[in-house]
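Inside the fold
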Amino acid sequence: MQRHVAQFAVVRYGVAALCVMATVILALWLRPVVLAAAQLLLVAVLITGWISGLRPALAAWVLATLAFAYYFTPPFDSLKIEFAEIPRLVIFTLLAALLATFSAARRTAEDSLKSAREKLEARVGERTADLQQTNERLQVAVADAVAAQHRFRDLVNSVEGIIWEADATTFQFSFVSNQAERILGYPVGRWLSDPTFWKDHLHPEDREWAVPFFEKATREQARPRFRVPHDRRRRHVWCGCVT
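The shown structure was predicted, so the numbers you read here are calculated from the model rather than taken from an experiment.

Moving on, we get to the packing of aromatic side chains. Applying the stated criterion to the full structure yields three aromatic pairs. With centroids separated by 4.1 Å and ring planes inclined at 5°, the aromatic side chains of phenylalanine 68 and phenylalanine 92 adopt a geometry described as stacked. Placement of phenylalanine 68 in helix α4 (residues 54-71) and of phenylalanine 92 in helix α5 (residues 86-158) is noted, with a sequence separation of 24 residues between them. Take phenylalanine 68: its relative accessible area is 1%, and that puts it in the buried class. For phenylalanine 92, a relative accessible area of 3% gives the class buried. Positioned above the aromatic ring of phenylalanine 76 is the side chain of arginine 31, whose terminal nitrogen or guanidinium carbon lies 4.7 Å from the ring centre.

Written as structure tokens, this is what we have:
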């Protein structure tokens, strides 16, 4: 409501006049009972500053001061002021001015905070949208990477040979293609879980020379050949390695 009112100067100053008019009418109705009802004019100044801002609040301050001097300062209904009433009028004037500036300043601060909050919410919304887009792109990239990994694994497993990856010093396997079980009969899990699987499953006649020779061949990128007994058939398989 405050922001809509503040958009039109006529409405802002109209609020000042209406607030002062309403409080004057109410205070005049109460004047025969209690003279302090004139303090309601301060409420008009306070409300105007809160709704319309500083300048309309100052206008309400002027109107309220004139109404206070005319209607509520003896002699009543006259702008003539008795000397004894001057301190009372001065106190009212200063207090009304203070309320006008305080109320308008509070409204300005509230508008500033509201504007800052709206800007912050807009920035948070933009950042959230950016993060969501980044997350979506990341999910797509991860899905593509997983799909590429699956395609590569399928391609490796379709090769007519055993493709493996192992530590060059310990010869412990970190990857073995599925063809290993078809060619040699040993499950892939045993290749990966047993640190000395390769050394333990060499042909007994090849074990003594194959291990040091393979270490040397790995360094020199040679192609050694050795025998591995088949797990289910009573025969051995000649294996050649390309490192």
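On to the pattern of salt bridges, then. Applying the stated criterion across every chain, the model contains one salt bridge. Here arginine 88 makes a salt bridge to glutamate 85, at a shortest N to O gap of 3.2 Å. The exposure class assigned to glutamate 85 is buried, which follows from its relative accessible area of 17%.

Further remarks concern the confidence of the model for the chain. On average, residues of the chain score 78 in pLDDT, and 79% of them reach the 70 mark or higher. Confidence over residues 1-6 falls short of pLDDT 50; this stretch has 15 contacts with residues more than four positions distant or in other chains.

What follows concerns α5. Taking 1.5 Å of rise per residue, the 73 residues of α5 would be expected to cover 108 Å, and the 106 Å separating its terminal C-alpha atoms lies within 8% of that figure. What α5 keeps buried is the set Leu89, Phe92, Thr93, Ala96, Ala100, Ser103, Ala104, Arg107, Asp111, Val156 and Asn157.

A few words now on the nonpolar core. By size, the foremost hydrophobic cluster in this structure holds 24 residues, and its most contacted members are Val20, Leu41, Val45, Phe68, Phe72 and Phe92. Looking at this core, the elements with two or more residues in it are α2 (9-30), α3 (40-52), α4 and α5. Leave out the neighbours within four places in its chain, and valine 20 touches Leu41, Ala44, Ala60, Leu63 and Ala64. Ranked by size, the runner-up nonpolar core spans eight residues in total, among them Val176, Leu184, Tyr186 and Val188.

We now examine the side chain of serine 78. For serine 78, the location among the structural elements is in the loop between α4 and α5. At 3.1 Å, the side chain of serine 78 and the backbone nitrogen of lysine 80 are in polar contact. Setting aside chain neighbours within four positions, we find serine 78 in contact with Ala69 and Tyr70.

Cut-offs and rules
Residues numbered from 1 in each chain as written. Predicted model: local features only at pLDDT ≥ 70, side-chain atom pairs only at ≥ 80, totals over all residues. Heavy atoms only, no water. Phe/Tyr/Trp six-rings, centres within 6.5 Å; stacked < 30°, edge-to-face > 60°. Helix = DSSP H or I, 4+ residues; strand = E, 2+ residues; numbered from the N terminus. Buried < 20%, exposed > 50% of the residue type's maximum accessible area, 1.4 Å probe, protein only. Lys NZ or Arg CZ within 6 Å of the ring centre and 35° of its normal. Salt bridge = Lys/Arg side-chain N within 4 Å of Asp/Glu carboxyl O. pLDDT = per-residue confidence, 0-100. Contact = heavy atoms within 4.5 Å. Expected span 1.5 Å × (residues − 1). Core = buried A, V, L, I, M, F, W, Y, C linked by side-chain atoms within 4.5 Å. Polar contact = N/O pair within 3.5 Å; in protein donor to acceptor, adjacent residues only side chain to side chain.

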